[in-house]
Amino acid sequence: MGAGGRRFVPLQVRVAVTGFNAIGGVMLTLTLAAVGVLLSGMQVDPARQGGTGYLDFVLFFNAVLFLFPLAVVLVFLGVRIRRGEHWAWLASLVFWAFVGTMAPLLTWLLPAPLPFAVVPALCAVGLLALLLTPQARTHCADVDD
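Residues numbered from 1 in each chain as written. Predicted model: local features only at pLDDT ≥ 70, side-chain atom pairs only at ≥ 80, totals over all residues. Heavy atoms only, no water.

1. Notes on the overall build of the chain
- From N to C terminus, the chain includes six helices and zero strands.
- When burial is assessed residue by residue, the chain has 27% of its 145 residues classed as buried.
- Carbon together with sulfur atoms contributes 72% to the accessible area of the chain, which is approximately 9,400 Å² in total. (Helix = DSSP H or I, 4+ residues; strand = E, 2+ residues; numbered from the N terminus. Buried < 20%, exposed > 50% of the residue type's maximum accessible area, 1.4 Å probe, protein only. Areas by Shrake-Rupley, 256 points an atom, 1.4 Å probe, with all protein chains shown as cover.)

Quick look at the structure:
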């Protein structure tokens, strides 16, 4: 324990937590944009879009709304990892492994542009690499105080 009761936080953990907060902020921005689009009262004629365009439009923006809880979870996990809590470190490993696997898979299943697979996968790999460093593992070790 450092001076004043504050615990030293390794650079790798601080960078990972900053990444969690940045990604959470982007997700929150996308969620607020989706809410704005859905509440704007756009007049769309499904028949003129081949019948499925409107449904795709609504489903996409409703799916984007699910980013809000994930953004909250990311910021919460970042705070807990910074405090050195082992369960948060494990949950983050599982979360980023899931994101790194599912983003490319969903991009392959749904014909989406390549950046929708590459960017989340690279973020997940980078954050996993930071969390798996010896300094981060030691910081979040499950030890009885």
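2. Quick look at the side chain of Thr107
- In this structure, Thr107 sits in helix α4 (residues 86-109).
- Of the residues examined, Thr107 reaches a relative accessible area of 11% and is grouped as buried.
- Here Ala117 takes part through its backbone nitrogen, which lies 3.5 Å from a polar atom of the side chain of Thr107.
- When near neighbours in sequence (up to four residues on either side) are disregarded, Thr107 contacts Ala112, Pro113, Phe116 and Ala117. (Polar contact = N/O pair within 3.5 Å; in protein donor to acceptor, adjacent residues only side chain to side chain. Contact = heavy atoms within 4.5 Å.)

3. Observations concerning α4
- Under the 1.5 Å per step criterion, the end-to-end length of α4 is 34 Å for 24 residues, consistent within 8% with the ideal 34 Å.
- Of the surrounding secondary structure, the elements contacted by the buried residues of α4 are α1 (11-39), α3 (67-82), α5 (115-131) and α6 (134-139). (Expected span 1.5 Å × (residues − 1).)

4. Brief notes about the packing of aromatic side chains
- With the rule as written, the count across this model stands at three aromatic pairs.
- Consider the rings of Phe76 and Trp87, whose centres lie 5.9 Å apart with planes at 40°: the pair is tilted. Of this pair, Phe76 sits in helix α3 while Trp87 sits in helix α4, and the two are 11 residues apart along the sequence. (Phe/Tyr/Trp six-rings, centres within 6.5 Å; stacked < 30°, edge-to-face > 60°.)

5. With respect to the packing of α1 against α5
- Close contact between α1 and α5 brings their axes to 9 Å; oriented N to C, the two are set at 150°. What the angle tells us is that α1 and α5 run roughly antiparallel. Considering how the two elements wind past one another, α1 and α5 form a crossing that is left-handed. When α1 is examined against α5, the residues Gln12, Val15, Ala16, Gly19, Phe20 and Ile23 are found in contact with a partner set consisting of Cys123, Leu127, Leu130 and Leu131.
- In terms of residue class, the contact of α1 with α5 is made up of eight nonpolar, two polar and no charged. (Axes fitted to C-alpha atoms, helices over the stretch in contact; angles between N-to-C directions. Parallel < 35°, antiparallel > 145°, perpendicular 65-115°, else oblique. Left-handed = near helix turned anticlockwise from the far one by under 90°. Nonpolar A, V, L, I, M, F, W, Y, C, P; charged D, E, K, R; others polar.)

6. Some details on the nonpolar core
- Ranked by size, the top nonpolar core spans 22 residues in total, and within it Val13, Phe20, Leu74, Ile81, Trp96 and Leu131 carry the most contacts.
- It is α4 that provides the largest number of residues to this core, a total of six residues.
- Here Leu74 is in contact with Phe20, Ile23, Gly24, Met27, Phe95 and Trp96, once residues within four sequence places are set aside. (Core = buried A, V, L, I, M, F, W, Y, C linked by side-chain atoms within 4.5 Å.)

7. A word on the environment of Ile81
- Looking at the secondary structure, you find Ile81 in helix α3.
- With 50 residues separating them along the chain, Ile81 and Leu131 place their C-alpha atoms 9.4 Å apart.
- When sequence neighbours within four positions are dropped, the list of residues in contact with Ile81 reads Val13, Val17, Phe20, Ala88, Trp89, Ser92, Leu131, His139 and Cys140.

8. Looking at the layout of surface pockets
- For the largest pocket, the calculated volume is near 1,200 Å³.
- Taken together, 29 residues make up the lining of the largest pocket; nearest its centre are Leu67, Ala103, Leu106, Phe116 and Pro120.
- Contributions of two or more residues to the lining of the largest pocket are made by α1, α2 (53-65), α3, α4 and α5.
- Broken down by element, the residue count for the lining of the largest pocket peaks at eight residues, all from α4.
- Split by residue class, the lining of the largest pocket holds 28 nonpolar, one polar and no charged. (1 Å grid on protein atoms, 1.4 Å probe; cavity = no way out; pocket = protein on both sides within 12 Å on 5 of 7 lines; lining within 4 Å. Points joined across faces, edges and corners; volume = space filled by probe spheres on them.)

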